[in-house]
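Descriptive analysis of the structure
Each chain is listed here by its residues.
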Amino acid sequence: MSTTARLSKSGSKSGMIYAGAAIAFALAILWALLDASPAHAAVQATYYVSPSGSDTNPGTLSQPFKTITKARDVVDTINNNMTGDIIVYLRAGDYFVDTTIVFDESDSGTNGYNVIYKNYDAAGSARIIGGQKLTGWTLHSGNIYKTTVGTGWSFDALFENGVAAKIARHPNTGYKKIQNADSSQPMKAFNYYSGDIPSISDLSSLQVYVWPGAHNWANEILPIQSINTSNRKITLTENQRWPYLDTLKKGSRYFIQGAMQLLDAQGEFFLDKTAGILYYYPQNTPINSQEIFAPKVDKIFLFNGSSNTSLVKNITIDGLTVMVSNSTYQDMTTGGKTGNIVLINAEAITVKNSRILHSNSSGISMPPTDLQSTPVKSRGANILIYGNYIHNVGDSGVKIAGTPNTANYMQTHPIVSNNEIDKIARINANGAGVQFSNVSFGEISYNQITNAIHYGIEVKGSKWTNMPAVIEGTTVTTANQYNFNPGRYNVVKFNDVSKANLDTQDTGMIKTGGVYQTTIDNNRLHNSGNFGLQKGLYLDDVSDYNTVTNNIVYGLKGSTKITYNVKGIGNLIQNNIADGTGGAKAVQLNVIGDQPTRNNTFLNNIYFKYRVFYNFSSWSNNRVQQSDYNFFYSTTGTRTMAGIPGADTYTNWRTLFSNKFDQHSSTANPLFVDAANHDYTLQPTSPALTKGFVQIDQASIGLKGDYIYADTGADLLVETNVVEPDPDPSFAEDFERGFGNWQSSFGTPTASTTQAHNGTTSFLPNEDRDEIYHLMDNETYGVLKLWFYDNAADNSMKVRARVSSSSVEENAMIGVVTYNSTNKYSYLVDYNTWITSSVTRTTGWHEFKFDLSSGTDCKLYIDGVLIGTTDIMTSFDGIYLGDNAADGYTGNVYFDDVQLFDIFEQYEE
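Now for a look at the structure at hand. (Residues numbered from 1 in each chain as written. Predicted model: local features only at pLDDT ≥ 70, side-chain atom pairs only at ≥ 80, totals over all residues. Heavy atoms only, no water.)

1. Structural notes on the pairing of strand β17 (residues 207–210)
Across 4 bridges, the pairing between β17 and strand β18 (residues 220–228) is antiparallel. Bridged to V210 within β18 is E220. (Pairing = 2+ DSSP bridges. Helix = DSSP H or I, 4+ residues; strand = E, 2+ residues; numbered from the N terminus.)

2. Observations regarding the sheet that holds strand β23 (residues 292–295)
Ordered by their spatial adjacency, 4 strands build an open sheet running β7-β23-β10-β11, and the pairing between neighbours is antiparallel. Where the open sheet ends on each side, the last strands, each with one partner, are β7 (131–133) and β11 (163–164).

3. A closer look at the pairing of strand β24 (residues 299–304)
The side chains of a regular strand alternate between the sheet's two faces. For β24, the buried fraction is high: 6 of the 6 residues fall into the buried class. As judged from the 3 bridges shared by strand β4 (residues 101–103) and β24, these two strands associate in the parallel manner. Within β24, the position partnered with F103 by the bridge is F303. Where β24 meets strand β27 (residues 339–344), 5 bridges bridge the pair, whose relative direction is parallel. Along β27, the bridge assignment pairs L302 with V342. (Buried < 20%, exposed > 50% of the residue type's maximum accessible area, 1.4 Å probe, protein only.)

4. Quick look at the environment of G267
Mapped onto the secondary structure, G267 falls in the loop between β20 (253–257) and β21 (268–272). In this structure, the C-alpha to C-alpha distance between G267 and G335, residues 68 residues apart in sequence, is 29 Å. When sequence neighbours within four positions are dropped, the list of residues in contact with G267 reads A165, K166, Y280, Y281, P282 and Q283. (Contact = heavy atoms within 4.5 Å.)

5. What to know about helix α2 (residues 68–75)
Taken together, the buried positions of α2 are occupied by I68, A71, R72, V74 and V75. Down the axis of α2, the smallest arc covering the buried residues is 165 degrees, so these residues share one side. (Arc of directions from axis to C-beta.)

6. A short note on the packing of aromatic side chains
To describe a pair of aromatic rings, you give the distance between the ring centres and the angle between the ring planes. Inspection of the entire model under this criterion finds 54 aromatic pairs. Judged by centre distance (6.5 Å) and plane angle (35 degrees), the rings of Y175 and Y209 are tilted. With Y175 in the loop between β13 (169–170) and β14 (176–177) and Y209 in strand β17, this residue pair connects regions lying 34 residues apart in the sequence. Each member of the pair, Y175 as well as Y209, carries the same accessibility label: buried. For the ring pair Y707 and Y709, a centre distance of 6.1 Å and an interplane angle of 70 degrees mean the geometry is edge-to-face. The burial state of Y707 is the same as that of Y709; both residues are buried. Joined through ring pairs, the aromatic side chains of F602, Y607, Y610, F613, Y614, F616, W619, F632, Y650, W653, F657 and F661 make up one cluster. (Phe/Tyr/Trp six-rings, centres within 6.5 Å; stacked < 30°, edge-to-face > 60°.)

7. Examining unusual backbone geometry
With an omega of -5 degrees, the peptide bond running from H170 to P171 counts as cis. Of the consecutive residues T285 and P286, the connecting peptide bond is found in the cis state with omega at 0 degrees. Structurally, the position occupied by P286 is in the loop between β22 (277–281) and β23. Positive phi outside glycine occurs at Y545, with the angle close to 55 degrees. By secondary structure assignment, the location of Y545 is in the loop between β49 (533–539) and β50 (547–549). With relative accessibility at 19%, the residue Y545 sits in the buried group. The residue N659 is not glycine, and still its phi comes out positive at about 60 degrees. Inspection of the secondary structure assignment puts N659 in helix α5 (residues 656–659). The partly exposed category is assigned to N659, whose relative accessible area is 42%.

8. Side note on the nonpolar core
Ranked by size, the top nonpolar core spans 101 residues in total, and within it Y117, I128, F301, F303, Y607 and W653 carry the most contacts. Among the elements that line this core, the one with the most residues is α2, at 4 residues. Membership of the second largest hydrophobic core comes to 36 residues, among which are F739, F850, L860 and I862. (Core = buried A, V, L, I, M, F, W, Y, C linked by side-chain atoms within 4.5 Å.)

In C-alpha cells:
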C-alpha cells in the first residue's frame, strides 16, 4: 500500500459546422488564456532544490533545499497574495519519493499568477522517482538473483533500465486457451487443457490474466483460489468483474502469474511478500550494475483540492522527469485514482515538457471521484498537458474523466497536445494513449501515439439510451437529452496514431461512444491491429451529430478490416482518405440492440483500392441520409455495396430511392502522388479536385516543431519500438515426426527419405491428388519460408505451395505448373491465371518465400528473387502443400523445412 501525505491538510450539416466553429472559438480563447505564459510574467520569488541540498538551507542557488515538499511549504508562506510567478527550480539528479507529494488549494497560485516547478539544468534531468533503487543482489540459483526488500513493502511492478519487468508467468509469452467454462459458475471457474498448467505449490499470490468471452475486448486480472489437477479446473476467488465481456468460455485467452515456480525467463520477477524477498531473472548482467527500480507509491504528484469549491489551481510542472509508480489492476479499474500524476478538484494545472515514465497505472489521471470515491462535481478544469514524453504505462497515457449524466457538473476545457505517448495499457487493456470520458470542450491534438494494447484515442460520454428518467430534478426528454451528456463539443485533430490494438480486436485507433458534436479532423491512423476484427476510426454506439473530416486511414491488420465503422445519428463523414490496400471494407454501418444508426452523410471521401465500399450488416432505408461526390476506386473493377436491397453492386446502389445516392461520384483513380509510400497528396490533374475534394494538410499531423524530446531517446534507457522477425520461427515443420501438425486435403501423405533438405525426411506428394494443409489459429503476418526439391526433367505436373486468407478469399501460390511453363517456375495471385516467373527450373532444392510482414501486401520469392506481389492479400490463415488437381499428373518433387517468422506475436515488453 502507498502512503499519501497531507490528505487532511486544510443536427444538420450546417448545424454541425456551426457547432464545430463554436468549439474552435471556445478552445481558441482557452489557448489564448493559457498562452499568457509564466515566461512573460513578473517573478515574485525563486527557490532552488537539489538532491545534494538540505531542508535547513534557505533555498538559494548556492544553498538549495533538498526536497520538493520543503519548497512547497515555503511557497505556502508567500503565495496568498501573489505579485508575480513563484518559480521552484529543480537541479539535475534523482529525487526518491517514498510518500506522495500533495498539492492542495493552499499551494495554489493566486491573482492569476502561477507556482512553477521547473528544471534548472537540461530538460528531464531532474528525476522524481516514486520508488527505490534496488541493490544488494546475490545469486539465488541459475540465472535468478534475490535481494531483501522487507515485509512491509509490496509492489506489482519492477523496472530495469527503463524496461518493465513481468510478474513471473506461464506461458512466458502468448497465451493458453480455456477449454470450457465451469457450467455451475461460468464467471468464476474454468477447465484447462491437459499439460497447460505446471505444478504450483503456493497459490497465495497466483493470478489469472484472462480475456473473458473470447472476444478480446478487455482483460481481467483475478486471484486464483484453487487448482484441481484431477478435473483440470481453476477456480477464482471472485467472479470476473465485467459481465459484459461474457463468461470464461471456451477459447478465451489467458496466462497465469505470481508463483516462484513460474520464474524461468529473463525479465520476470517474483516477490515473496511473507519473507520480504524479491527474486528476479535480470535482462542484463552484472545485475548490480543495472538501474533497477521498485515503486513505493501509487501516486507521485497528487493535486488534490479539498472540495469542488476549494480547488487546487495555477500550478505548473515544467521540464521534469516523473517516473516509477505502482498500482494493482483493481486499483486502476475502480476509479483511476493512481498514476504518476493525479489531479482531483483541480483547475488550471499545467504539465509540460516533462517525461512521464514507467507507471504501472496511468501517466496522468484525472478521475471522476475523489480519494473517498465521492463524485467530483466541478466546472472549468482548464488542464493543459503539453509537450511531454509519456512512456511505458500500465493504463492510459492521459486519462481525464468527469461525472456522467449531468447538466451541472462538467469537467471542461482540458487540452492534451503535442505529446509523444507510447507503450500503453500494459496491465489494463482498456487504456488508451489519451482517454476522455464525460469531458466537454476538450482538445486532443498534435500527439504521436504508438504501441498501444488497445485504443490510440478514446472519447466517450453518456448515452441517452441509458440515461435515467430524471437527472438533477429534470425529466429527460428527446428535446433535452443531449444537455445531460457531458461528453460533448470535443476536438480530436492532427494526431498521428499507429500500432494500436496490438492485443485486442473490434476496436478503433480512434474510438468514440456516447459522444455528441465532437470534431475528428486531420488525423493520420495507420499500421494498426494484429488479429480478428480491426477498425480504423470507430464511431461506436450513440455517437451522434459528429464531424469527421480530413482524416487519412491505412494499413489495418486483421482477419476482417473496416476503415470507418459508423454508428449513431446525423454524423458527417467528409473529405477523408481511406486506403483499403490489403482487403479492408471502407465503411460499415450497423446497429447493436436499441442503439440507433440513421441519417449519416458521406461527402467528398476517397475510398482507394477497396472491393467492399459500404457494408450494411443490417439494412434500413434511413441509415444514410446523403452520399455523393465520393471516389470508389478498385483495382479489380469489383465494387460491392454489401447488404443493400437487391444486388450488392455499386450500380444498383446508385439506383436506390430514385437515384438518391452518389450521382456525382466517380470510380476513377484519384491519382495520389505516391500512395505506396503513403503520400496522399493529389496530383494537380486528379479528378477528385474537380469534384470538390480539398487537399489534406499531411505535414502538420503529429508532433509540433517545439517538441523537445524527439532526439533524446538515448538518455531514456528505454527499448526501441522496431518490430523485428523473431530469430526462431513461431511455426516450424521438418517432417521428421510425421504429419501431426497437418491435415490431408487429398490422398495419403507420404514421408520420404529419398530427399531431405535437413535431417532425413521430407513430404513427397506422389498421388494424382495429394495435398496437406496446416491452419493457423488467427490471421497471421510475417515471413513463411519452405524448401522445394525440383526434378527439372519432369514436365508433367502441377505441384505448388499455397497460402490462403479466408478473410478476403484469396490465395498466393508458387510452384511448377507445366501446362503453363515447363522450364520456368509459375506463380498465382489474386485468383488470376498462372503467371510465368523469371526463375528457371533447375534440379535441386529451392527456397520459396511468402513475405507478408508489411501488413500491406504479399511478396513472393524464389531463391531470393522477387517474382510477384499482391496488395489484396496481406495476411494468411492456411498453408497448403502438394497437388490438388485431378489431372493424372504426379511429380517427383519434395517439400521440407517449413518455417514461419511471425512479426506480430503477443505484445510484450
